[in-house]
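Below, each chain spelled out in residue letters.
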Amino acid sequence: MEGAKAKRPSSEEVEKGKSKKLKTSNHSSSPSPITSEEEEETSQVNKMGSNTVAVPEMAAYCFDTLLAHFYKKMDKPTPTFTNDSFPLFVTWLIGSDERLRGCIGTFSSLSLHKAIKEYAITSAMHDSRFNPVSKSEISQLKVYVSLLVGFEDGENYLDWEVGTHGIKIEFPMGGSTRTATYLPEVAGERDWSRETTVFNLLRKAGFNGPITQDVLDSIKLIRYRSEKVSMTYQKYVEQNEGAARLMNGNH
């Protein structure tokens, strides 16, 4: 089902380093959001060790922001987590089966206080694949914040590891450049090979023709990892009595 129209994805620029490692860059204009499916339970860098930046407060701040959107009188605390700049995605899931409810992010490196606030709302209210999240759904939600790190150019479309890397592909089509991404957990959760993942990503980007070797060779692949934290609404209200009273109408 389609909801409010999202800003359309566009190709995000990532600066190349001398050893093919990429540094994400700040932009003065607003970055174009990108949608992606992703669901995972743990807070970790995928198979790469513990988080160094992502903390649970980031997920709680998404709920703070969403509740403040619906309840204008709610006080929104000032975040105390780092305000360093990172690319990121915010994902909302709903229900006991954790169905995707919205996921939008950016490959531009943005200060986290502003970016998490912005994408918490954008992913909940403006993912064009879904209707906007409603007030009645809040108690069923779970949120994930994924900070994207470790960007590198791939030598080819197979130069990445399932379960370790997310991938972003860019390829020419009809006189323009198409782009699409899967976060690091997607391929592993679906038991996809590298080839299957890239084929599905081409389709996601809108390529409907035969997937020939020439098409595959035209792909520019960027691999990356993520640090991820999550929080359910139930866990959030355990830590925030004011939010619980607000939802129960005692305000």
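Everything that follows concerns the structure shown earlier in this document.
As the structure is a prediction and not an experimental result, all values here were calculated from the model.

Enquirer: What is the right way to look at the packing of helix H1 (residues 56-70) against helix H2 (residues 112-125) in this model?
Expert: Helix packing geometry: the angle between the two helix axes and the distance between the axes. It is the contact of H1 with H2, at a shortest axis distance of 9 Å, that shows an interaxial angle of 60°. Between H1 and H2, the angle falls in the class oblique. The crossing of H1 and H2 is right-handed. Between H1 and H2, the contacting residues are Met58, Tyr61, Cys62, Thr65, Leu66, His69 and Phe70 on the first element and Leu112, His113, Ile116, Lys117, Ala120, Ile121, Ala124 and Met125 on the second. Looking at the contact of H1 with H2, its residues break down into 11 nonpolar, 3 polar and 1 charged.

Enquirer: How should I be thinking about the pairing of strand S6 (residues 141-153) in this particular structure?
Expert: Burial analysis of S6 places 11 of its 13 residues in the buried class, which makes it a mostly covered element. Judged from the 7 bridges that link them, strand S4 (residues 85-94) and S6 form a sheet pairing that is antiparallel. Its bridge partner being in S6, isoleucine 94 is matched across the sheet by leucine 141. Here 10 bridges tie S6 to strand S9 (residues 220-232), and the two strands are oriented antiparallel to one another. Its bridge partner lying in S9, valine 143 is registered against methionine 231.

Enquirer: Help me understand the side chain of arginine 223, please; the structure alone is not making it clear to me.
Expert: Along the chain, arginine 223 turns up in strand S9. Excluding residues within four positions of it along the chain, arginine 223 makes contact with Gly150, Phe151, Glu152, Asp153, Gly154, Asp159, Trp160, His165, Gly166 and Ile167.

Enquirer: Could you clarify how one ought to interpret the pairing of S9 in this entry?
Expert: Residues in a regular strand point their side chains to alternate faces of the sheet. Counting buried positions along S9 gives 10 out of 13 residues, so the element sits mostly inside the fold. Relative to S9, strand S7 (residues 166-173) runs antiparallel, the two sharing 5 bridges. Each residue of the ladder has a partner; that of isoleucine 167, found in S9, is arginine 223.

Enquirer: What is the right way to look at H2 in this model?
Expert: Since there are 3.6 residues in each turn of an α-helix, residues three or four apart along the chain are aligned in direction. Compared with an ideal rise of 1.5 Å per residue, which puts 14 residues at 20 Å, H2 spans 19 Å between its outermost C-alpha atoms and is within 8% of the ideal. Within H2, 10 of the 14 residues are buried, which leaves the element mostly enclosed by the surrounding structure. Along H2, the positions that sit buried rather than exposed are Leu112, Ala115, Ile116, Tyr119, Ala120, Ile121, Thr122, Ser123, Ala124 and Met125. If you follow the buried residues of H2, they end up packed against H1, S4, strand S5 (99-111) and S6.

What counts and how
- Residues numbered from 1 in each chain as written.
- Predicted model: local features only at pLDDT ≥ 70, side-chain atom pairs only at ≥ 80, totals over all residues.
- Heavy atoms only, no water.
- Axes fitted to C-alpha atoms, helices over the stretch in contact; angles between N-to-C directions.
- Helix = DSSP H or I, 4+ residues; strand = E, 2+ residues; numbered from the N terminus.
- Parallel < 35°, antiparallel > 145°, perpendicular 65-115°, else oblique.
- Left-handed = near helix turned anticlockwise from the far one by under 90°.
- Contact = heavy atoms within 4.5 Å.
- Nonpolar A, V, L, I, M, F, W, Y, C, P; charged D, E, K, R; others polar.
- Buried < 20%, exposed > 50% of the residue type's maximum accessible area, 1.4 Å probe, protein only.
- Pairing = 2+ DSSP bridges.
- Expected span 1.5 Å × (residues − 1).

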